[in-house]
Amino acid sequence: MVLKKSIRYARRLIRPLSDVSQENLLALHNSLKKEAAPSHNYLVLIISSCLIATFGLINNSAAVIIGAMVIAPLMLPLRAVAFAALEGDFLLFRKGFVSVVVGTAIAVFLSAMVGLLVGIPEFGSEVLSRTQPTLVDLGIAVAAGGVSGFAKLRPEINDAVAGTAIAVALMPPICVVGLTLSQGSWTFGSGAFLLYLTNLLGIVLACMLVFILSGYTKASHALGVTLGLTAILLLPLGISFFNLVRQAQLQATLRRNLVNRTITIGQQVQLVRTEVNWTTNPPEAHLTILTAKPITPRQVRLVEEFIAREMGRPFTLVIQVSRVEYVRGSDETPTETNP
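Small disclaimer: the values here were computed from a predicted structure and weren't measured. (Residues numbered from 1 in each chain as written. Predicted model: local features only at pLDDT ≥ 70, side-chain atom pairs only at ≥ 80, totals over all residues. Heavy atoms only, no water.)

Participant: Mind laying out the overall build of the chain, listing which residues take part and the relevant values?
Facilitator: Per the secondary structure count, the chain includes 13 helices and 3 strands. Looking at the 339 residues of the chain, the share that counts as buried comes to 43%. Sequence-distant contacts, at least 24 apart, represent 76% of the contacts inside the chain between residues at least 6 apart. Summed over all atoms, the accessible surface of the chain reaches about 18,200 Å², with 62% contributed by carbon and sulfur. (Helix = DSSP H or I, 4+ residues; strand = E, 2+ residues; numbered from the N terminus. Buried < 20%, exposed > 50% of the residue type's maximum accessible area, 1.4 Å probe, protein only. Contact = heavy atoms within 4.5 Å. Areas by Shrake-Rupley, 256 points an atom, 1.4 Å probe, with all protein chains shown as cover.)

Set out below in structure tokens:
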């Protein structure tokens, strides 16, 4: 009962079914057909946005990456794919699908070539942040895809497309795939590709729902297939999200309690970074700390026991110690002056 009321409300919110005429339907179809074509403009924008995103990722510049998101045209053929799948329009679906595949292939190739030429010694935070997608990324993709589909039906708010392109960020993940593969980082590359697939399916699913609720088309088996494919992604995304939550809990626990209970007895210690490898058994926690005094194996064991008690499971702990020296002006030794 609640679901039916929600659907009826959503229909009224987007556009009543009776308002969709054959003229409006034809106009939407023609517009999507134009957007789906791998035109000269589309290819130029793909190449430009890919190069901008790749250089932004190499330079670890969020501002440059955002600029690439704005001009990336991958969102356009995805809306056509969503509508064509529901309508059973094979020609429109093929045109949009080919555009997405061509754009993806070009982006991976160009970013990989740039990665090989530059020879990245290590990846920055902008790259690494796109290698571990979670359920949050799927939620962002669905929300942004819904706004994109709605903006297509309401030209007066078409300015929102730029914002949705920034939110869902299609181009940067696929450029991360090329960059990481160029350096042989298959794990990072697969994670970035999972994020890209998550964004694609989230956008297509959301656009389908918007087109159905708006009355421009009806639900078909294509919606079920898209829901099924999205459901398959829930497992890896859920595992990644669970690991992210556990990592956040561990970091909070360490920062809140570690300094006063274990290795900081009589010392000044600053916890700089915490990384956990959840694939090992038991999980391996790597801590980077700043301290003025050496850390003993006994203190490391005490930290392991502390983490095990707090988290309810054993951990192998590896502490990377960076020694610091505290110098004060009052420590200066007076020098004798010659008579």
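Participant: How would you sum up the nonpolar core? Please name residues and give values.
Facilitator: Membership of the largest hydrophobic core comes to 53 residues, with the highest contact counts inside it found for Phe 83, Met 171 and Met 208. Elements represented by at least two residues in this core include exactly helix 2 (22-36), helix 3 (40-58), helix 4 (62-71), helix 5 (75-87), helix 6 (90-118), helix 10 (171-182), helix 11 (186-213) and helix 12 (221-261). Ranked by residues supplied to this core, first place goes to helix 11 with 11 residues. Apart from residues no more than four positions distant in its own chain, Phe 83 is found in contact with Leu 25, Leu 28, His 29, Leu 32, Leu 92, Phe 211, Tyr 216 and Thr 217. (Core = buried A, V, L, I, M, F, W, Y, C linked by side-chain atoms within 4.5 Å.)

Participant: Explain the packing of aromatic side chains to me, using residue names and the numbers behind them.
Facilitator: What the rule picks out here adds up to 4 aromatic pairs. Aromatic pair Phe 123 and Phe 188: ring centres 6.2 Å apart, planes at 75°, arrangement edge-to-face. Placement of the pair is Phe 123 in the loop between helix 6 and helix 7 (125-128) and Phe 188 in helix 11, with a sequence separation of 65 residues. Residue Phe 123 is classed as buried on the basis of its relative accessible area, which comes to 17%. (Phe/Tyr/Trp six-rings, centres within 6.5 Å; stacked < 30°, edge-to-face > 60°.)

Participant: Mind laying out the packing of helix 8 (residues 135-153) against helix 11, listing which residues take part and the relevant values?
Facilitator: For the pair helix 8 and helix 11, interaxial distance at closest approach is 7 Å and the crossing angle is 40°. Comparing the axis directions of helix 8 and helix 11 gives the class oblique. Seen along the crossing, helix 8 lies across helix 11 with a hand that is right-handed. Counting all contacts with helix 8, which are made through Asp 137, Leu 138, Ala 141, Val 142, Gly 145, Gly 146, Gly 149, Phe 150 and Leu 153, the residues of helix 11 involved are Leu 195, Thr 198, Asn 199, Gly 202, Ile 203, Ala 206, Cys 207, Val 210 and Phe 211. (Axes fitted to C-alpha atoms, helices over the stretch in contact; angles between N-to-C directions. Parallel < 35°, antiparallel > 145°, perpendicular 65-115°, else oblique. Left-handed = near helix turned anticlockwise from the far one by under 90°.)

Participant: Which residues make up the UniProt feature "transmembrane region" (unreviewed entry) in the chain, and what values do they have?
Facilitator: The feature "transmembrane region" (unreviewed entry), as given by UniProt, occupies residues 41-58, 64-85, 97-120, 160-181, 193-216 and 222-245 in the numbering adopted here. Measuring from the first to the last C-alpha atom of residues 41-58 gives 26 Å, for a span that is 100% helix and 0% strand. The straight-line gap between the two end C-alpha atoms of residues 222-245 is 34 Å; of that span, 100% is helix and 0% is strand. (UniProt positions renumbered as here; feature names shortened; annotations may be inferred.)

Participant: Any details on helix 8? Residues and values, ideally.
Facilitator: Along its 19 residues, helix 8 runs 28 Å from first to last C-alpha, staying within 8% of the 27 Å computed at 1.5 Å per residue. Of the positions making up helix 8, those classed as buried are Leu 138, Ala 141, Ala 144, Gly 145, Gly 146, Ser 148, Gly 149, Ala 151, Lys 152 and Leu 153. (Expected span 1.5 Å × (residues − 1).)

Participant: Pulling in residues and values, what's your account of the layout of surface pockets?
Facilitator: In this approach, a probe sized like a water molecule rolls over the atoms, and the result shows the empty space that is left. Estimates place the volume of the largest pocket at around 1,100 Å³. Residue lining of the largest pocket: 28 residues in total, with Leu 128, Thr 131, Gln 132, Phe 188 and Val 276 positioned closest to the centre. For the lining of the largest pocket, the secondary structure elements donating two or more residues are helix 7, helix 11, helix 12 and strand 1 (269-277). In terms of residue count, helix 12 provides more of the lining of the largest pocket than any other element does, 8 residues in total. (1 Å grid on protein atoms, 1.4 Å probe; cavity = no way out; pocket = protein on both sides within 12 Å on 5 of 7 lines; lining within 4 Å. Points joined across faces, edges and corners; volume = space filled by probe spheres on them.)

Participant: Outline the side chain of Ser 99, listing residues and values.
Facilitator: Within the secondary structure layout, Ser 99 lies in helix 6. Within the local environment of Ser 99, its side chain forms a polar contact with the backbone oxygen of Ala 36, the two atoms lying 2.3 Å apart. Those residues in contact with Ser 99, other than ones at most four positions away along the chain, are Ala 36, Ala 37, Pro 38, Tyr 42 and Pro 77. (Polar contact = N/O pair within 3.5 Å; in protein donor to acceptor, adjacent residues only side chain to side chain.)

Participant: Mind laying out the sheet that holds strand 2 (residues 284-291), listing which residues take part and the relevant values?
Facilitator: Across the sheet, which stays open at both edges, the 3 strands sit in the order 1-2-3 with mixed pairing between neighbours. Two strands bound the open sheet, and with one partner strand each, they are strand 1 and strand 3 (316-323). With direction set aside, neighbouring strand axes in the sheet form an average angle of 20°. (Pairing = 2+ DSSP bridges.)

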